[in-house]
Amino acid sequence: MWRATIFTLFPEMFPGPLGLSLAGDALVRGVWSLEAQDIRAHGLGRHRAVDDTPAGGGAGMVLRADVLAASLDAGLTPEDKRPRLLMSPRGKPLTQARVRELSQGDGIVLICGRFEGVDERVIEARGLEEVSIGDYVLSGGELAAMVTIDAIVRLLPGVMGKEASGAEESFEGGLLEYPHYTRPREFEGRAIPDILLSGDHAKIAAWRKAEALKLTKTRRPDLLRDVKTEVAPKKG
Ligand code: ADE
């Protein structure tokens, strides 16, 4: 079973949306498991303090290294080799390639930051890898953790139907996905492109590839640097 363990100050946020729909069904079926550990259980003193003011001064609070380390050490065994991801806007951007890789392992450990940041020493000492889900700042890592888990879980064997083995969707092959159409044949004066109704599968594949390329060029030219596939469909 693929296992997700989350270290958070808000364990009651989980499973949240991960308990519904595709991920929720898979959770109930035992395809994956979710465990939320409350960092505050290792907080200090009567108030179970977990944070303190930043060394060197400045705004905000920093999650203490000793508190987070104690929480991780109590909740994980030394044999646990799952990647430990610290959700942070400062992290390396999460990509579909990394999501796929993580779906092929035993699971992940996710650490959700709050406050201004996490003491650098626990990041180093416990081998935490900082991961960002995008160039914007959330109020905490919990939603980022849910996004990360959702993206991985849908790729686990037996979660999606065959229609979305993932091979044709956005980012696979380095392109955004082509436009989709379904009935009715005409909607408010807009017709489905003729080629999609032609039954010519080679032509349809070529059209979709060209549309995907066009869309990627206008919306995400940065992705095209990495496209290694050819533009024309394979002959024969
Ligand atoms: N925590 C706050 N902002 C974040 C982001 N963009 N990605 C991951 N974790 C975060």
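What counts, and where the lines are drawn
- Along each chain, the written sequence defines residue order, and numbers are assigned to residues from 1.
- Where totals are concerned, whole chains, interfaces and linings use all residues; where local detail is concerned, this predicted model gives features only for residues with pLDDT of at least 70, and gives and counts side-chain atom pairs only at 80 or more.
- Each side-chain value is derived from all of the structure's non-hydrogen atoms; neither hydrogens nor water enter the calculation.
- Helix numbers and strand numbers start at the N terminus; a helix is a DSSP run of H or I with at least 4 residues, a strand a run of E with at least 2.
- Note on method: radius of gyration uses C-alpha positions; expected globular size equals 2.2 Å times residues raised to 0.38.
- Burial classes follow relative accessibility: with a 1.4 Å probe on protein chains only, a residue under 20% of its type's maximum area counts as buried, one over 50% as exposed, and anything between as partly exposed.
- Working rule for contacts: check all heavy atoms of both residues, and any pair within 4.5 Å makes them a contact.
- Surface exposure here means Shrake-Rupley accessible area, sampled with a 1.4 Å probe, where a residue is shielded only by the protein chains that are shown.
- Working convention for charge: Lys and Arg count positive, Asp and Glu count negative, and His plus the chain ends are omitted.
- Charge coordinates come from a single atom per side chain, which is NZ of Lys, CZ of Arg, CG of Asp or CD of Glu.
- Proximity is defined per residue: any heavy atom of the residue falling within 4 Å of a molecule or strand makes that residue near it.
- In protein, a polar contact requires one atom able to donate a hydrogen and another able to accept it; more generally it is a pair of N or O atoms within 3.5 Å, and residues adjacent in sequence count only if both atoms are side-chain atoms.
- Classes in brief: Ala, Val, Leu, Ile, Met, Phe, Trp, Tyr, Cys and Pro nonpolar; Asp, Glu, Lys and Arg charged; the others, Gly included, polar.
- At least two bridges found by DSSP between two strands is the condition for calling them paired.
- An automatic or database domain assignment supplies the residue ranges for each domain.

(A) Expanded view of the overall build of the protein chain. Helix and strand content of the protein chain: seven helices and ten strands. Its C-alpha atoms give the protein chain a radius of gyration of 22 Å, clearly above 18 Å, the size a compact globule of 236 residues would have. The buried share among the 236 residues of the protein chain stands at 38%. Looking at the protein chain alone, contacts between residues at least 24 apart form 74% of all its contacts between residues at least 6 apart. Surface exposure of the protein chain reaches about 14,200 Å², of which carbon and sulfur atoms provide 54%. For the protein chain, the centre of its 32 positive side-chain charges and the centre of its 34 negative side-chain charges are spaced 4 Å apart.

(B) Representation of the site of the ligand. Near the ligand you find Met87, Ser88, Pro89, Val131, Ser132, Ile133, Gly134, Tyr136, Val137, Leu138, Gly140 and Ala144, and these make up its full shell. Note that a nitrogen atom of the ligand is positioned 3.0 Å from one of the backbone N or O atoms of serine 88. In the model, a nitrogen atom of the ligand is placed 3.0 Å from a nitrogen or oxygen of the isoleucine 133 main chain. If the ligand stood free it would expose 260 Å²; the protein chains cover 97% of that surface. Among the secondary structure elements, those contributing two or more residues to the shell around the ligand are strand E5 (84–93) and strand E8 (129–132). By residue number, the principal contributor to the shell around the ligand is E5, which donates three residues. A per-class count over the shell around the ligand returns eight nonpolar, four polar and no charged.

(C) How the structure looks around the sheet that holds strand E4 (residues 62–63). Read across the open sheet, the three strands follow the order E3-E4-E7; overall the sheet is mixed. Strands with a single pairing partner mark the edges of an open sheet, and in this sheet they are strand E3 (51–52) and strand E7 (117–118). Alignment of E3 against E4, held across two bridges, turns out to be antiparallel. Paired with aspartate 51 across the two strands is leucine 63, which belongs to E4.

(D) Summary view of the side chain of threonine 5. In this fold, threonine 5 is placed in strand E1 (residues 2–8). The class of threonine 5 is buried, set by a relative accessible area of 1%. For threonine 5, the side chain forms a polar contact with the side chain of glutamate 35, separated by 3.3 Å. For threonine 5, the contacting residues outside a window of four places in its chain are Glu35, Gln37, Leu76, Arg82, Ile108, Val109 and Leu110.

(E) Quick look at the domain arrangement of the protein chain. With domains assigned, the protein chain is organised as domain 1 (2–153) and domain 2 (168–226). Taking only C-alpha atoms into account, the centre of domain 1 sits 36 Å from that of domain 2.

(F) Spatial organisation of the pairing of strand E6 (residues 107–112). Most of E6 sits out of view: six of its six residues are buried. Of the two faces of E6, the one carrying Gly107, Val109 and Ile111 and the one carrying Ile108, Leu110 and Cys112 are both buried. In terms of strand pairing, E1 meets E6 through five bridges, oriented parallel. Of the residues in E6, the one forming a bridge with alanine 4 is isoleucine 108.

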